[in-house]
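# Descriptive analysis of the structure
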Amino acid sequence: QVQLVESGGGLVQAGGSLRLSCVASGRTLSNYVMGWFRQVSGKEREFVAYISENGGSTYYTDSVKGRFTISRDNAKNTVYLQMNSLKPEDTAVYYCGANRGHSRTYAWSYDYWGQGTQVTVSS
């Protein structure tokens, strides 16, 4: 079992920044691709970014490229999402997920999820 806990969300003005953290317990994260997804009410969970097991590769959805950075520190069992130049359309609940390395942009392929953290960007 992997337990994931997100933190760092909040209310920020457009153009501002937030850093989300996802801390894992139960198992080390080194064997998992880690992803960030976001979800608004009534819509499916949307892929945002993932990072490979060793941190060597990252991938982002087009809407956040150049603004968001995913990183990981396996020694700390922690994954981060640095969000800069935030826009109102980034408003969502953000979820951290752990994946064994397949179908990495699809929410259904993830084995574990955190509880989510709310990010609200005001205009």
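Residues numbered from 1 in each chain as written. Predicted model: local features only at pLDDT ≥ 70, side-chain atom pairs only at ≥ 80, totals over all residues. Heavy atoms only, no water.

## Notes on the state of the cysteines
Under the defined criterion, the tally for this structure stands at one disulfide. The residue that forms a disulfide with C22 is C96, at a sulfur-sulfur distance of 2.2 Å. Handedness here is read from the sign of the S-S torsion; for C22 and C96, about -80°, the answer is left-handed. With C22 in strand β3 (residues 18-25) and C96 in strand β9 (residues 92-99), this pair connects stretches of sequence that are 74 residues apart. For C22, a relative accessible area of 0% puts it in the buried group. For C96, a relative accessible area of 0% gives the class buried. (Disulfide = S-S within 2.5 Å. Helix = DSSP H or I, 4+ residues; strand = E, 2+ residues; numbered from the N terminus. Buried < 20%, exposed > 50% of the residue type's maximum accessible area, 1.4 Å probe, protein only.)

## Brief notes about the pattern of salt bridges
A complete count under the given rule lists five salt bridges for this structure. Here K65 ties to D62 by a salt bridge, and the two come within 3.0 Å at their closest N and O atoms. Of the residues examined, D62 reaches a relative accessible area of 62% and is grouped as exposed. Of the charged contacts, one joins D90 and R67 as a salt bridge, the two residues approaching to 2.7 Å between their closest N and O atoms. Pair noted here: D90 is in the loop between β8 (78-83) and β9 and R67 is in the loop between β6 (58-60) and β7 (68-73), with a separation of 23 residues, a long-range link. Judged by relative accessible area, R67 falls into the buried class, the value being 10%. (Salt bridge = Lys/Arg side-chain N within 4 Å of Asp/Glu carboxyl O.)

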